[in-house]
Amino acid sequence: MSKIVIGIDPGSRFTGYGIVKMTGSDVTYIGSGCIKTGNGDLASKLKVIFDAVSTLVEQYKPDCMAIEETFLSKNVQSTVKLSEARAAAIVAGANHGLMVYEYTPMQIKQSVVGYGWAKKEQVQYMIKHILHLTANPQADAADALACALCHCFTSKVTQTIGNGVATQGAVHGRYQRDK
């Protein structure tokens, strides 16, 4: 049995996305890129994110979404904008009936690089090698692919050992639209 996962690395100017297919223990690259919101007002930027994620979900028909959690930065305004971008992507996924799983940046880096404080270049390098790409993906796309892979690896462990103490807390939140 296989499942398609869309990973999202939210941002108010650039939102990365990455789509992978997991079949058993194998993970295959499907696509990735970056949603550029332009210089408009906040409402316009959030609409761009919502519409683009909706289009990706309709095009690739993923089984679930994995998204990076908001991290607190020194600039409160940046944290708020990041949270709003996340919300636009989450609502787009939930609107299409997807389960949405959240992972911290540290969990994502730990699952892909093996080190929770890895640098962007290290994430790009590992994504290239794990997914057998010919070049490093763009930074936001690599982060989104890492998020998708984190979910694949986490869900594989959960399938293997169950929802015991070892995996408790790995998935912080789940959102699904009522049908």
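Preceding block: the structure.
Predicted, not measured: the structure shown is a model, and the values here were computed from it. Along every chain, residues carry numbers that run from 1 in the direction the sequence is written. Side-chain atom pairs in this predicted model are given and counted only at pLDDT of 80 or more, local residue features only at pLDDT of at least 70, and totals for whole chains, interfaces and linings cover all residues. Values shown for side chains rest on all heavy atoms present in the structure; no hydrogens or waters enter the calculation.

(A) Spatial organisation of the overall build of the chain. For the chain, the helix and strand inventory stands at 5 helices and 6 strands. Where helices and strands are cited, they refer to DSSP runs of H or I of at least four residues and of E of at least two residues respectively, numbered from the N terminus. Starting at the N terminus and walking to the C terminus, you meet the elements of the chain as β-β-β-α-β-α-β-α-α-α-β. Only protein chains enter the accessibility calculation, which uses a 1.4 Å probe. A residue is then buried if its area is under 20% of the maximum for its type, exposed if over 50%, and partly exposed in between. Expressed as a percentage of the 179 residues in the chain, the buried residues total 45%. Each accessible area value is a Shrake-Rupley result obtained with a 1.4 Å probe; residue values ignore everything except the protein chains displayed when judging cover. Summing over all exposed atoms, the chain offers an accessible surface of approximately 9400 Å²; the carbon and sulfur share of this is 54%.

(B) Main features of the pairing of strand β5 (residues 99-103). Summarising burial for β5: 4 of the 5 residues are buried, a large majority. Across 5 bridges, the pairing between strand β4 (residues 64-68) and β5 is parallel. Residue pairing in the sheet places C64 in a bridge with M99 of β5. By convention, orient the strands away from the viewer: a clockwise path from the first strand over the helix to the second makes the crossover right-handed. Remark: the β4/helix α2 (residues 76-95)/β5 crossover connection has right-handed handedness. A pair of strands is treated as paired once DSSP finds two or more bridges between them.

(C) Looking closely at the side chain of S54. With respect to the helices, strands and loops of the structure, S54 is situated in helix α1 (residues 42-60). For S54, a relative accessible area of 8% corresponds to the buried category. Among the polar contacts listed, one links the side chain of S54 to the backbone oxygen of F50, at a separation of 2.9 Å. Those residues within four positions of S54 in sequence are excluded, and the remaining contacts are A92 and H96. Counted as a polar contact is a pair of N or O atoms within 3.5 Å, where, for protein atoms, one must be capable of donating a hydrogen and the other of accepting one, and residues adjacent in sequence contribute only when both atoms are in side chains. Any two residues having at least one pair of non-hydrogen atoms within 4.5 Å are treated as being in contact.

(D) Region of the structure containing the pairing of strand β1 (residues 2-9). With 7 of 8 residues buried, β1 lies mostly within the body of the structure. One ladder, built from 8 bridges, connects β1 with strand β2 (residues 14-23); its direction is antiparallel. Paired with I6 across the two strands is I19, which belongs to β2. The antiparallel pairing of β1 with β2 creates a hairpin that spans 4 residues between the two strands. The sheet contact formed by β1 and β4 spans 4 bridges and is parallel. If you follow I6 over to β4, its bridge partner there is M65.

(E) Structural detail: unusual backbone geometry. Backbone geometry at K61 places phi at a positive 50°, although glycine is not the residue there. Tracing the backbone through its elements, the reader meets K61 in the loop between α1 and β4. Residue class for K61 comes out exposed when judged on its relative accessible area of 59%. Residues other than glycine seldom take positive phi values, yet H132 does so here, at roughly 55°. By secondary structure assignment, the location of H132 is in the loop between α4 (120-130) and α5 (139-161). Take H132: its relative accessible area is 69%, and that puts it in the exposed class.

Any functional reading would require information beyond the geometric quantities listed.
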